[in-house]
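Understanding the architecture of this molecule
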Amino acid sequence: QQLSLSDLLGSTNIVPTLLETIILGRASISLVDCITQFNVFGGSETFVGFLLAVMSNDRYVAICIPLRYTSITSYNICNKLILVSWLLGLGAILITANLIATLYFCDQNIINHFFCDFFPLLQLSCSDTFIVQLEVILLSIPVIIYPFILIIVSYICIAHAILKIVSNTGRQKAFSTCSSHLAVVSIFYGALTAVYVAPPRKESQTLSKVFSLLYTVMIP
């Protein structure tokens, strides 16, 4: 439910601007609305990253220690994990958005993108953006790398457990439990890596927009 809510929030934030750009060839948005859009987008996507890590742990418990599944993933624990994921996601993006809000924006006001993303916003600023970029690099360690490591470790344990299953039916059932989640994780982190880890270049802007469509429109 929370994943669906986050996807709905992200899509309703991005898709109207995308449709306006496609239909009219351009879309106008104020600087305040642009930073707000970045806040909503960043908060929902950061939450998705944390929630995917929580869901991978849920798959691990369901397959590797199924007899304790009900006690480990109780209703209260699920609520606490969801609340922590939302707080971390919104808190992390507020730090970045506040730093962006301190930048000066000069005469250039055209973003070569279909929504207010991080690098397109920085390209509009006439201030020194080194501190903002450094903050994002440091913040990516707890926000992206740690959850991704947790997902990898969970799936290594899951794969080890699946290989121990004797029957083909049991293996297929265990794999079907993880297949959709694993597909979303692959697309989500693959697209994020391509957009935010690879250094932005002018010739890669079109490719960057294609990758952005994967986690803003396709995954939801």
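Right above here is the structure, for reference.
Residues numbered from 1 in each chain as written. Predicted model: local features only at pLDDT ≥ 70, side-chain atom pairs only at ≥ 80, totals over all residues. Heavy atoms only, no water.

1. Description of the packing of aromatic side chains
Scanning the model with the defined rule gives eight aromatic pairs in all. Between Phe47 and Trp86 the ring centres are 3.8 Å apart and the planes differ by 10 degrees, which places this aromatic pair in the stacked class. Taken together, the residues Phe47 in helix 2 (residues 31-64) and Trp86 in helix 4 (residues 75-101) connect sequence positions 39 residues apart. Each member of the aromatic cluster is reached from another via a ring pair, and the members are Phe41, Phe114, Phe115 and Tyr215. (Phe/Tyr/Trp six-rings, centres within 6.5 Å; stacked < 30°, edge-to-face > 60°. Helix = DSSP H or I, 4+ residues; strand = E, 2+ residues; numbered from the N terminus.)

2. Some points on the nonpolar core
Ranked by size, the top nonpolar core spans 41 residues in total, and within it Phe38, Leu52, Ile63, Phe118, Ile151, Phe188 and Tyr215 carry the most contacts. The dominant element in this core, judged by the number of residues it contributes, is helix 2, at 11 residues. Excluding residues within four positions of it along the chain, Tyr215 makes contact with Phe41, Glu45, Asp117, Phe188, Ala191, Leu192, Val195, Tyr196 and Pro220. (Core = buried A, V, L, I, M, F, W, Y, C linked by side-chain atoms within 4.5 Å. Buried < 20%, exposed > 50% of the residue type's maximum accessible area, 1.4 Å probe, protein only. Contact = heavy atoms within 4.5 Å.)

3. So, the side chain of Ser6
Checked against the element boundaries, Ser6 lands in helix 1 (residues 2-24). Setting aside residues up to four positions removed in sequence, Ser6 forms contacts with Ser44, Phe47, Val48 and Trp86.

4. Points about the layout of surface pockets
Roughly 750 Å³ of internal volume is contained in the largest pocket. Forming the walls of the largest pocket are 30 residues, and the residues nearest its centre are Val136, Ser140, Val143, Ile144 and Tyr196. For the lining of the largest pocket, the secondary structure elements donating two or more residues are helix 2, helix 4, helix 5 (118-124), helix 6 (130-164) and helix 7 (168-197). Among the elements that line the lining of the largest pocket, the one with the most residues is helix 6, at nine residues. Among the residues making up the lining of the largest pocket, the classes are represented as 21 nonpolar, seven polar and two charged. In this structure, the second largest pocket occupies an estimated 510 Å³ of space. In terms of lining, the second largest pocket is formed by 23 residues, of which the most central are Ala27, Ile29, Asn109, Ile110 and Ile111. Where the lining of the second largest pocket is concerned, the elements lending two or more residues are helix 1, helix 2 and helix 5. (1 Å grid on protein atoms, 1.4 Å probe; cavity = no way out; pocket = protein on both sides within 12 Å on 5 of 7 lines; lining within 4 Å. Points joined across faces, edges and corners; volume = space filled by probe spheres on them. Nonpolar A, V, L, I, M, F, W, Y, C, P; charged D, E, K, R; others polar.)

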